[in-house]
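The primary structure of each chain is shown beneath.
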Amino acid sequence: MSVKRNPVVLVHGLWNTVNIFWKLRSHLETHGWPIHAPNLTPNNGDVGIEVLAQQLHAFVEQQLDSHQTFDLLGFSMGGLISRYYLQRLGGVKRVKRFVTVSTPHRGSMMAWFRQNTGGIQMRPGSHFLKDLNQDTHQLERIQVTSLWTPFDVLVVPASSGRLTVGQSLKLSVASHNKMLRATNSLEAIAQSLS
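Residue numbers restart at each chain and count upward from 1, following the sequence in its written direction. Confidence filtering applies because this is a predicted model: local features only for residues at pLDDT of at least 70, side-chain atom pairs given and counted only at 80 or more, and all residues used for totals across whole chains, interfaces and linings. Heavy atoms throughout the structure, all of them, feed into the side-chain values; hydrogens and water do not.

Enquirer: Outline the pattern of salt bridges, supporting the account with residue identities and numerical values.
Expert: Whenever a carboxyl oxygen of Asp or Glu lies within 4 Å of a side-chain nitrogen of Lys or Arg, that contact is scored as a salt bridge. On inspection of all chains with the given rule, the structure shows five salt bridges. The closest approach of N and O atoms between R94 and E61, which form a salt bridge, is 3.3 Å. Placement of R94 in the loop between α3 (77-88) and β4 (95-101) and of E61 in helix α2 (residues 49-63) is noted, with a sequence separation of 33 residues between them. For R88, the salt bridge is made with D135, and the minimal N-O distance between the two is 2.9 Å. Here R88 is found in helix α3, whereas its partner D135 is found in the loop between α5 (127-133) and β5 (143-148), with 47 residues between them in sequence. Overall, R88 belongs to the partly exposed group, its relative accessible area being 26%. Taken together, the salt bridges that share partners define one network made up of R88, D131 and D135. The secondary structure listing takes helices from DSSP runs of H or I that are at least 4 residues long and strands from runs of E that are at least 2 residues long, numbered from the N terminus. For the exposure calls, accessible area comes from a 1.4 Å probe over protein chains only, and a residue counts as buried if that area is under 20% of its type's maximum, exposed if over 50%, partly exposed in between.

Spelled out as structure tokens, the structure:
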């Protein structure tokens, strides 16, 4: 008898599209997860994370039945978009499991090279992150896993990838984007969604 899986919504990050998830999507679908993934625009940080979270909210409302619980995975800035959806737009009432992959929960020094709204929001100590991090306890209502690698050169310091609630897993993966392709990461994601 096959296990019934929750649908999983995949949320991409800065400069990404749903194509970043090609290997992860294939892996999860092979193991029985129904996958949904919005293309959020613009994907370059020119609008605030809260604007992209509104797009995520609209996508969920269109794609999933209003009574359907689902799991949520955010990659990089997509983890912050997902957190805004969960913590500010009521998503925590619908999501059962939340997985972040290489997400700068406390910001990244690399964001200082970005002068647009999204970049400013991802700087360590930004008003946006302070506000979002003041009530992470909301996420204790769901199953949360944050996956990060010490070799991440886009999330600096890499330890910013650890969320203060739920389970945090440090993976030996060579780079930021490989967190969506490396075998040990794919297995950790699947385990986190099980």
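Enquirer: Tell me about the packing of aromatic side chains, and name the residues and values.
Expert: Any aromatic ring pair is given by two values, namely how distant the centres are and how the planes are angled relative to each other. Pairing of aromatic side chains here covers Phe, Tyr and the six-membered ring of Trp, requires ring centres within 6.5 Å, and sorts the geometry by plane angle: under 30 degrees stacked, over 60 edge-to-face, intermediate tilted. Summed over all chains, the structure comprises two aromatic pairs. With centroids separated by 6.5 Å and ring planes inclined at 35 degrees, the aromatic side chains of F70 and Y85 adopt a geometry described as tilted. Placement of the pair is F70 in strand β3 (residues 70-75) and Y85 in helix α3, with a sequence separation of 15 residues. On the basis of relative accessible area, Y85 is assigned to the buried category, the value being 1%. Geometrically, the ring pair formed by Y84 and F128 is stacked, given 6.0 Å between the ring centres and 15 degrees between the ring planes. Of the two residues, Y84 sits in helix α3 while F128 sits in helix α5, which places them 44 residues apart along the sequence. Pair check on accessibility: Y84 and F128 agree, each one buried.

Enquirer: Could you give me a rundown of the sheet that holds β5, with the residues and numbers involved?
Expert: In this description, strands pair whenever DSSP reports at least two bridges between them. The parallel open sheet is built from six strands, whose spatial order is β2-β1-β3-β4-β5-β6. Two strands in the sheet have a free side with no partner beyond their single neighbour: β2 (35-36) and β6 (167-170). Bridge count for strand β1 (residues 8-11) against β2 is two bridges, and the pairing is parallel. Paired with V9 across the strands is H36, a residue of β2.

Enquirer: Give a detailed account of the environment of K170, specifying residues and quantitative values.
Expert: Of note, K170 is situated in strand β6. Look at K170 and you get exposed, because its relative accessible area is 57%. Through-space distance from the C-alpha of K170 to that of Q54 is 30 Å; in sequence the pair is 116 residues apart. Here, two residues are considered to be in contact whenever any of their heavy atoms come within 4.5 Å of each other. Other than its neighbours up to four places away in sequence, K170 contacts W148 and P150.

Enquirer: Run through the nonpolar core, naming residues and quoting values.
Expert: Inside soluble globular proteins, nonpolar side chains tend to come together where they are buried. Residues grouped as a nonpolar core are buried Ala, Val, Leu, Ile, Met, Phe, Trp, Tyr and Cys residues, joined through side-chain atoms within 4.5 Å. Grouped together as the largest cluster of nonpolar side chains are 32 residues, with contacts concentrated most on L72 and I81. For this core, the secondary structure elements donating two or more residues are β1, α2, β3, α3, β4 and α5. Apart from residues lying up to four places away in sequence, L72 is in contact with V9, V11, L56, S82, Y85, L86, V95, R97, F98 and V99. Formed by 25 residues, the second largest nonpolar core is a distinct cluster that contains W33, V99, V173 and L193.

Enquirer: I'd like a rundown of a nonpolar patch on the surface, residues and numbers included.
Expert: A patch consists of residues exposed above 30% relative accessible area that lack any salt bridge, with like charges linked at up to 9 Å and nonpolar side chains (Val, Leu, Ile, Met, Phe, Trp, Tyr) linked at up to 5 Å. Only the protein chains shown count as cover for residues, with accessible areas throughout obtained via the Shrake-Rupley method and a probe of 1.4 Å. Together, M110, F113, V153 and L154 line one region of the surface with nonpolar side chains, adding up to about 430 Å² of accessible area. Residue M110 is classed as partly exposed on the basis of its relative accessible area of 33%.

Enquirer: Describe the pairing of β5, and please don't skip the residues or the numbers.
Expert: Counting buried residues in β5 gives five out of six residues, a clear majority hidden from the surface. Of the strand pairs in this sheet, β5 and β6 are connected by four bridges, and their pairing is parallel. Residue pairing across strands places S146 opposite S168, the latter belonging to β6.

Enquirer: Lay out unusual backbone geometry with the relevant residues and their values.
Expert: The amide bond that connects T41 to the next residue, P42, takes the cis arrangement and shows omega of -10 degrees. Residue placement: P42 occurs in the loop between β2 and α2. Between V156 and the following residue, P157, the backbone shows a cis peptide bond with an omega angle of 0 degrees. Counting through the fold element by element, P157 comes out in the loop between β5 and β6. Phi at W15 is positive, roughly 65 degrees, even though this residue is not glycine. Positive phi, close to 50 degrees, is recorded for S102, a residue that is not glycine.

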